[in-house]
Amino acid sequence: MSLYGHYDSQNIFALILRGEAPSYKVYEDADVLAFLDVFPQSLGHILVIPKECQARNILDVEPAVLGTMMSAVQQLTRVVLDELKPDGVQIVQFNGAAAGQTVYHIHIHIIPRWDGEGLGVHAKDRADPAELETLQARLVERIHSNRLASPMLERC
Ligand code: AMP
């Protein structure tokens, strides 16, 4: 059931996009917004979402939007590698509750991984806000130095 349905404009990512809920933004351009997952499964867990789009999942999204998202994911993965030096990075996208999806605005997870370190439970443990702010500042600074366009530092 959750695989199909109408887009709910009150979902948390829609609220973040409209500035009606806070987020730890690390990158924004005309097409995408990237922010820290507040229930991170690892240090540097980032979510990338399309802005002008009412797609719930991969079934709904325009291929061109998917391409734009993946381009941002690739650039942000490089930023994460440069700044946090993980041993690997998982790129993940869930569709439907049975697959683990909990927010119904399409998004892609960037999850850094380190050798010998397990993965946190999905969407469970809220991170310390001070640690998120520190991490946000590090990634934004790295984005500046890597010359990605229009990083945003403010929590909105
Ligand atoms: P999914 O389960 O694939 O739909 O992913 C949704 C993700 O959003 C989960 O990893 C949650 O931890 C994360 N999440 C939920 N609420 C927020 C929020 N307000 N800010 C940032 N991340 C969130």
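Residue numbers here run from 1 along each chain, matching the order of that chain's written sequence. Only residues with pLDDT of 70 or above have their local features reported here, since the model is predicted, and side-chain atom pairs are shown and tallied only from 80 upward, although totals for entire chains, interfaces and linings are computed over all residues. The basis for every side-chain value is the complete set of heavy atoms in the structure, and neither hydrogens nor water enter the calculation.

Caption draft 1: Inspection of the overall build of the protein chain at higher detail. Numbering goes from the N terminus for both helices and strands, where a helix is a DSSP run of H or I of at least four residues and a strand is a run of E of at least two. Counting its regular elements, the protein chain contains three helices and five strands. Helices (α) and strands (β) of the protein chain occur, in sequence order from the N terminus, as α-β-β-β-α-β-β-α. Scaling as 2.2 N^0.38, a compact globule of 156 residues should have a C-alpha radius of gyration of about 15 Å, and the protein chain matches this with 15 Å. With the C-alpha coordinates of the protein chain rotated into their principal frame, the extents come out at 40 × 35 × 25 Å. What makes two residues a contact is simply this: any of their non-hydrogen atoms within 4.5 Å. A separation of at least 24 residues holds for 63% of the contacts in the protein chain among residues at least 6 apart in sequence. Calculation of accessible area relied on Shrake-Rupley with a 1.4 Å probe; when residues are assessed, cover is drawn exclusively from the protein chains displayed. Carbon and sulfur atoms provide 53% of the accessible area of the protein chain, an area that totals close to 8100 Å². What the globule rule says is 2.2 Å times the number of residues to the power 0.38, and the radius of gyration is computed from C-alpha atoms.

Caption draft 2: Inspection of the site of the ligand at higher detail. Note on definitions. A residue lies near a molecule or strand when any single heavy atom of the residue is within 4 Å of it. Taken together, 17 residues form the shell around the ligand, and within it Asp 37, Thr 102, Val 103, His 109 and His 122 come nearest. In this structure, an oxygen atom belonging to the ligand sits 3.0 Å away from a main-chain N or O atom of Gly 100. At 2.9 Å from an oxygen atom of the ligand is found a side-chain nitrogen or oxygen belonging to His 107. Where the shell around the ligand is concerned, the elements lending two or more residues are helix H1 (12-17) and strand E2 (32-36). A 3.5 Å cut-off defines polar contacts: any pair of N or O atoms within that distance qualifies, except that in protein one atom must be a possible hydrogen donor and the other a possible acceptor, and neighbouring residues in sequence count only when both atoms are side-chain atoms.

Caption draft 3: Spotlight on the side chain of Glu 83. Following the sequence through the fold, Glu 83 ends up in helix H2 (residues 63-84). Within the local environment of Glu 83, its side chain forms a polar contact with the side chain of Arg 142, the two groups lying 2.8 Å apart. In this structure Glu 83 touches Arg 138, Leu 139 and Arg 142, once residues within four positions along its chain are discounted.

Caption draft 4: Region of interest: the packing of aromatic side chains. Classification of ring pairs uses Phe, Tyr and Trp, with its six-membered ring standing for Trp, and accepts pairs whose centres are within 6.5 Å; under 30 degrees between planes counts as stacked, over 60 as edge-to-face, and the remaining range as tilted. If you walk through the whole model with that rule in mind, you get one aromatic pair. Look at Phe 13 and Phe 35: their rings are 5.3 Å apart centre to centre, the planes differ by 75°, and that puts the pair in the edge-to-face class. In this pair, Phe 13 sits in helix H1 while Phe 35 sits in strand E2, placing the two residues 22 residues apart along the sequence. With respect to class, Phe 13 is no different from Phe 35; both count as buried. The cut-offs for exposure are 20% and 50% of the maximum accessible area for each residue type, with area from a 1.4 Å probe on protein chains only; residues under the lower value are buried, those over the upper are exposed, and the others partly exposed.

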